Amino acid sequence: MNAPDNLTAPHSDTALPRLIVIGNGMVGHYFLEQLIETGVHRRLAVTVFGEERHRAYDRVHLSEYFGGRDADSLSLSESDYCDLNGIELHLDEAVTAIDREAKRVTTTRGEYAYDQLVLATGSYPFVPPIPTLEETTESHAALVYRTLDDLDRIRNAAESLAERDIRRGVVVGGGLLGLEAANALKSLGLEAHVVEFAPRLMPVQLDDQGGDALRRQIEALGVAVHVERATTEIVKGETHRYRMNFADGEWLETDLVVFSAGIRPQDRLARESGLAIGERGGVVIDETCHTSDPDIFAIGECALWNGQIFGLVAPGYTMARTVAGCLSGTCEPFSGADMSTKLKLLGVDVGSIGDAHARTEGAVSYRFIDEAGHGYRRLVVSADGKRAIGAVLVGDNSYYDTLLQYVQNAIKLPADPASLILPQSEGTPLLGADALPETATICSCHNVSKGAICQAVEGGCSDLSALKAETKASTGCGGCTALLKQVFEHELESRGIEVDRSLCEHFAYTRQELYGIVRVEGIRSFEALHERHGKGHLGCDICKPAVASILASCWNEPIMEPSLVPLQDTNDTFMANMQKNGTYSVVPRIPGGEITPDKLIAIGAVAKKYDLYTKITGGQRIDLFGAQLHELPEIWSELIEAGFETGHAYGKSTRTVKSCVGNTWCRYGVQDSVAMALTIENRYKGLRSPHKLKFAVSGCTRECAEAQSKDVGVIATEHGWNLYVCGNGGMRPRHAELFATDLDDETLLKTIDRFLMFYIRTADRLQRTSVWRENLDGGLDYLKQVVLEDSLGLGDELETQMQHVVDQYECEWAGALKDPEKLKRFRTFVNDKRADPDIIAVSERDQPRPARPEEIASLAVEVTS
Amino acid sequence: MSTTATASASGERTKAGIRLCTRQDLVPNSGVVAWHEGSQIAVFAIPAGASTDLELYAVDNHDPFSGANVIGRGIVGELGGELVVASPIYKQHFRLRDGQCVEDESRRLRCWPLAFDGDDVVLLQEDSIVRA
Ligand code: SRM
Ligand SMILES: Cc1cc2nc3c(=O)[nH]c(=O)nc-3n(C[C@H](O)[C@H](O)[C@H](O)COP(=O)(O)OP(=O)(O)OC[C@H]3O[C@@H](n4cnc5c(N)ncnc54)[C@H](O)[C@@H]3O)c2cc1C
Ligand code: SF4
Ligand code: FES
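Being a predicted model, the structure only gives us computed values, none of them experimental.

**What about the overall build of chain A?**
Here's step 1: Counting secondary structure elements, chain A contains 26 helices and 39 strands.
Here's step 2: Across the 865 residues that make up chain A, the buried fraction comes to 52%.
Here's step 3: The long-range fraction of contacts in chain A, counting pairs at least 24 apart against all pairs at least 6 apart in sequence, stands at 62%.
Here's step 4: Total accessible area on chain A is roughly 38,300 Å²; 49% of this is exposed by carbon and sulfur atoms.

**Topic: the site of ligand 3**
Here's step 1: Neighbouring ligand 3 are Cys660(A), Cys666(A), Gly669(A), Gly699(A), Cys700(A), Arg702(A), Glu703(A) and Cys704(A).
Here's step 2: A per-class count over the shell around ligand 3 returns four nonpolar, two polar and two charged.

**Comments concerning the interface of chain A and chain B**
Here's step 1: Chain A puts 36 residues into the contact, and the matching count from chain B is 36 residues.
Here's step 2: Looking only at chain A, the three residues that lose the most surface to chain B are Leu538(A), Asp541(A) and Asn831(A), adding up to 21% of its buried area.
Here's step 3: Inspection of the chain A/chain B interface yields one salt bridge.
Here's step 4: In this structure, Asp25(B) and Arg827(A) form a salt bridge, with 2.9 Å as the shortest nitrogen-oxygen distance.

**A few points about the packing of helix H17 (residues 597–609) of chain A against helix H18 (residues 632–641) of chain A**
To describe two helices that pack against each other, one gives the angle between their axes and the distance between the axes.
All names here are of chain A.
Here's step 1: Interaxial distance between H17 and H18 falls to 10 Å at its minimum, and their mutual angle equals 165°. Viewed along their axes, H17 and H18 adopt a mutual orientation that is roughly antiparallel. Pair H17 / H18 crosses with right-handed handedness. Here Ile603, Val606 and Lys609 of H17 come into contact with H18, specifically with Ile635, Glu638 and Leu639.
Here's step 2: Residue classes in the contact of H17 with H18 are distributed as four nonpolar, no polar and two charged.

**So, the site of ligand 2**
Residues and elements named next belong to chain A.
Here's step 1: Taken together, 28 residues surround ligand 2, and among them Val27, Glu52, Arg59, Arg146 and Glu301 come closest.
Here's step 2: Side-chain polar atom of glutamate 52 to an oxygen atom of ligand 2: 2.6 Å apart, as the coordinates give it.
Here's step 3: Within the complex, 92% of the 1,000 Å² of free accessible area of ligand 2 lies under protein.
Here's step 4: At the level of secondary structure, the elements contributing two or more residues to the shell around ligand 2 comprise helix H1 (26–38), strand E3 (45–50) and helix H5 (176–187).
Here's step 5: Take the shell around ligand 2: its biggest share by element is three residues, from H1.
Here's step 6: Residue composition of the shell around ligand 2, by class: 13 nonpolar, nine polar and six charged.
Here's step 7: Looking at which domains feed residues into the shell around ligand 2, each of domain 1 (18–124 + 265–328) and domain 2 (143–261) gives three or more.

**Notes on the environment of Cys660(A)**
Residues and elements named next belong to chain A.
Here's step 1: For cysteine 660, the position within the fold is in the loop between strand E33 (654–659) and helix H19 (673–684).
Here's step 2: C-alpha separation for the pair cysteine 660 and glutamate 594, spaced 66 residues apart in sequence, amounts to 9.7 Å.
Here's step 3: Cysteine 660 has contacts with Ser673, Val674, Val697, Ser698, Gly699, Cys704 and Ala705, leaving out every residue within four places of it along the chain.

**Looking at the pattern of salt bridges**
Opposite charge on two side chains lets them pair, provided their charged atoms get close.
All names here are of chain A.
Here's step 1: Tallying each qualifying case throughout the model produces 54 salt bridges over all chains.
Here's step 2: Among the ionic pairs, arginine 18 bridges to aspartate 115, the shortest N-O distance being 3.3 Å. Of this pair, arginine 18 sits in strand E2 (residues 18–22) while aspartate 115 is found in the loop between strand E7 (111–113) and strand E8 (116–119), placing the two residues 97 residues apart along the sequence.
Here's step 3: Exposure remark for arginine 18: the relative accessible area of 35% places this residue in the partly exposed category.
Here's step 4: Judged by its relative accessible area of 28%, aspartate 115 falls in the partly exposed class.
Here's step 5: Across the pair aspartate 208 and arginine 200 runs a salt bridge whose closest N-O atoms are separated by 2.7 Å.

**Quick notes on the sheet that holds strand E20 (residues 296–298) of chain A**
All names here are of chain A.
Here's step 1: If you trace the five strands from one edge of the open sheet to the other, you get E4-E3-E2-E8-E20, paired in parallel fashion. One side of each edge strand has no neighbouring strand; the edge strands of this open sheet are strand E4 (88–91) and E20. For this sheet, the mean angle separating the axes of adjacent strands, direction not counted, is 15°.
Here's step 2: Of the pairings in the sheet, the one linking E3 to E4 comprises four bridges and is parallel in character.

**Concerning the pairing of strand E2 (residues 30–36) of chain B**
Residue and element names in this part refer to chain B.
Here's step 1: The buried fraction of E2 amounts to seven of the seven residues, a majority that puts the element mostly inside the structure.
Here's step 2: Alternating residues of E2 divide into Ser30, Val32, Ala34 and His36 and Gly31, Val33 and Trp35, and every residue in both groups is buried.
Here's step 3: In terms of strand pairing, E2 meets strand E3 (residues 39–47) through seven bridges, oriented antiparallel. Note that in E3 the partner of valine 33 across the bridge is alanine 42.
Here's step 4: Here E2 folds back onto E3, and the loop between the two strands holds two residues, one of which, glutamate 37, carries a positive phi near 45°.

Calculation notes
- Position numbers for residues count from 1 along each chain, tracking the sequence in the order it is written.
- Labels are handed out in written order, letters beginning with A for the chains and numbers beginning with 1 for the ligands.
- This being a predicted model, a pLDDT of at least 70 is required before a residue's local features are given, and a value of 80 or more before pairs of side-chain atoms are given or counted; all residues contribute to the totals for chains, interfaces and linings.
- Each side-chain value is derived from all of the structure's non-hydrogen atoms; neither hydrogens nor water enter the calculation.
- Only DSSP runs of H or I reaching four residues or more are called helices, and only runs of E reaching two or more are called strands; each is numbered from the N terminus.
- In this scheme, a residue with accessible area under 20% of its type's maximum is buried, one over 50% is exposed, and one in between is partly exposed, where area comes from a 1.4 Å probe on protein chains only.
- Here, residues are in contact when the closest pair of their heavy atoms is within 4.5 Å.
- Only the protein chains shown count as covering a residue, and every accessible area follows the Shrake-Rupley method with a 1.4 Å probe.
- One heavy atom within 4 Å of a molecule or strand is enough for the residue carrying it to be called near that molecule or strand.
- Here the nonpolar group is Ala, Val, Leu, Ile, Met, Phe, Trp, Tyr, Cys and Pro; Asp, Glu, Lys and Arg are the charged ones; every other residue, Gly included, is treated as polar.
- When two parts are brought into contact, each loses some accessible area as probed by a 1.4 Å sphere; the total of that loss over both is the buried area.
- In what follows, salt bridge is the name for a side-chain nitrogen of Lys or Arg lying within 4 Å of a carboxyl oxygen of Asp or Glu.
- As a rule, the C-alpha atoms of each element are fitted with a line to give its axis, helices using only the stretch in contact, and angles between N-to-C directions run from 0 to 180 degrees.
- Should an angle fall under 35 degrees it is called roughly parallel, over 145 degrees roughly antiparallel, and 65 to 115 degrees roughly perpendicular, with every other angle called oblique.
- Rotating anticlockwise by less than a right angle from the far helix to the near helix defines a left-handed crossing, while the corresponding clockwise rotation defines a right-handed one.
- Think of a polar contact as two N or O atoms within 3.5 Å of one another; within protein, one of them needs to be a possible hydrogen donor and the other a possible acceptor, and neighboring residues in sequence only count if both atoms come from side chains.
- Where a domain begins and ends is set by an automatic assignment or by a domain database.
- Following DSSP output, two strands are said to pair if at least two bridges run between them.

Shown next, in the form of structure tokens:
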């Protein structure tokens, strides 16, 4: 295609302006993608020259080349990508000179004219001028680590040593890339050593202690580390091919040497053609990425902006977008980039954020040092103690995302900043969703990670339903909905997009705000609230149940009040949980899990009579499954007759109070945990809340009732009760936190009253206490102040309000059974007595269960044949 | 609104159509289910604006996503100005007006034309619509 020797004219058939891109590395390639995305590539004749023989590949994951990936799989595009988009790609053809006067470039194969030029030549590894043994064969004493070809050379060098017993490789340079190179040597079967000039590893990103911790971890992995070693010469070795002599008189023998002593911007072409160059190299650019020649841009690692070279891909990508923008008429200035990094080096987590060295005036540091596990964490805080400005992490990057958020978004620090870097088992104040690592699974049904969600958001997903459609998250069991929403909103916010926290299209308020309105204005019906503060004229399946729950926790009127009925979710409306086939489960309350033989027999009799599947639940009670709508009233009247009440298994309300047997029977028990569980369950039964509430009471510290996994957990002590709050099992388990110790019975109940009412007042819709707590400004300390020290002066009010709810309690099922109007609703068909003929059960382990579709199909065949 | 119709049995053919149930069987702003020749019809009664009368909507009770007959027990609401019912199982929304699923274009519930005939709720027949 190229005609050498004369002025080759790619795109000779067009009269379009000619754009030449020098370099087909990561940034150069990204630039092409941006051209294509904005469509500018169609208005230009684009030609790209790449010195390497491979088309642009993922240099960041270069090391995976030794881990089994080949050049093709590292490629950033399909081989016909440029072709398909009308871009001419010349690989293995380096540009050797630029004639700015004539606006031409010379390559190893020809000459080409340009109208505009983009330099994306990246950088090259710096090899310090150390006197090195002259060799005739390809030297193994000056290898570098930057390109696929470099890696081939290292591999060949290693293979040529195959016959040796001990093969050793040294990497000069203990920075980020040096450690990667050392890992590569190790994976090739070499004994790997790292020689670093500075007194610690990763001197740029880490402080002394961080470097030290990293060093210990890396040594534990079998890589030898030599710090404060300046190599003076490389001579012939005795047992190995070479010997490296150090300035302090020490020496080290090795078979190959890889230099990773830093990178230098590849600015030769720019320098020789007279473009402005920085003092220590780099093509000078302004904020539109123009060089000193208005027709030449520079992007990526070869560019010097504001005296800075950026050795990471992300800033290079931003520059590429800026130039693509300039060419399409919407130039967005480049304004620097954050150099925080998070990596895994030889399997060791390393993170560096912002001002890691505490260079800012007056900066104060918190440090966590784990000498046993070689872990290190440092948090750097501004002089006034208000903001985090930097951090260093070695050994565990799970803190990274949260800390980065604090630094980047100037989030106000918690009262005890050190808690951000302390081990997380202590119930650290995490930033909710944001504390989850990218790899955390959000939706287990569809195996969607937080990373995938972030990506979708990055890709422009800006409403929840679009996000669900794209990632499939939350389209299975739906159990992850709340977490998904949290992550999603968090992602939007972290991108500076305002999150609409309106409950739904009918109310531009949050649940908390609506709660306040209902209380302050004394509103007692949905209609009244909607009329005064809502939009549209009906409400929907989001706001109706939410408002019903608010009304219930404020006034606790029976949910079967005619005006409340249409508000309820179907489960609340029919006071039972709908199952997958449209039948219901029936869960009578069994407070504390204590039950008499007579009551057990009564449940058994009902289950038998109505042919219900029976199971002991995880909440210490009994669930009867498979009742049809029209059977519910009869079933309940029999249960109530036997002394049962509704268990509210259907509501966002108090579920169970799990108990252990306690000191009545157990030889270790120190209090009567069953009696306390009964007191608690009877007090809070029927309480409606933003989400379900679970409690437990254990009779001693052995904790057989698992109180520390509950919203409210109580554990007996010699002197009374310890109270734990905001625990959660379920999807994202969270240990409850110790809230108060050695409380007497009365104080315990008062404290729980206040805690629960404060939660009900301030939590978001469908927010469990654990999530509420993680999002609570001021954290546990604040909660203690409000509840225990009454800092808001709300204590009495919260207690009174709880007492009101407690006094209003009435078993909903008992109420409904007395009212024929209400019973009208419990008809499968309003005009026919028959049951739903599509509900078909088969027997398994002597109990009924819903027939599976294939079983139904075969039954149908039997009937018809 | 005055009615002269005598209470007639369900399924009985009246002049207006086929009788399903009575006004008293309905629950305003919510649904009930009527049986009709092997079909299950979810009937929703929505107070129509300022007037005291109820608007009737009828869609199939069968939820295509879960395969269960539950639509009549869904919560009724408004989405973008359209009346919808949310399936109580996996919460997809269906427009009451034409049964169209909001989340999935390919799903639509069958609809029935209903009207009041005095206090009766009747299923209009093709021919009765033509005559009306
Ligand atoms: C029946 C039962 C399973 C069993 O056979 O043992 C059960 C069954 C259901 N659980 Fe559960 N959970 C049951 C104990 C638990 C437990 C264990 C416990 O309470 O000790 C947990 C973990 C503890 C916790 O909640 O912290 C549990 C965590 C969940 C979750 C996740 C909650 C979370 O915050 O992550 C959901 C989904 C939700 O609520 O959004 C859920 C939701 C459900 C629903 C309501 C799903 C639904 O909408 O259909 C199930 C309906 C039950 C029904 O129809 O009666 N269930 N569920 C247990 C009933 C206990 C009871 O007597 O009331
Ligand atoms: C092992 C390794 C790990 C890394 N890990 C990370 C990481 O985790 N995170 C991160 O952000 N960054 C990482 N980097 C850095 C990242 O790879 C670079 O920031 C990025 O590649 C810079 O892109 P670029 O296009 O500016 O330069 P390059 O990708 O180097 O591309 C420049 C291209 O231009 C070509 N070229 C040069 N001169 C000429 C010429 N005269 N004619 C034609 N072609 C020419 C070169 O051959 C090269 O192909 C890593 C780098 C390496 C080597
Ligand atoms: S928690 Fe303690 S008192 Fe309760 S059963 Fe276990 S050992 Fe016994
Ligand atoms: S839908 Fe996400 S966990 Fe089931």
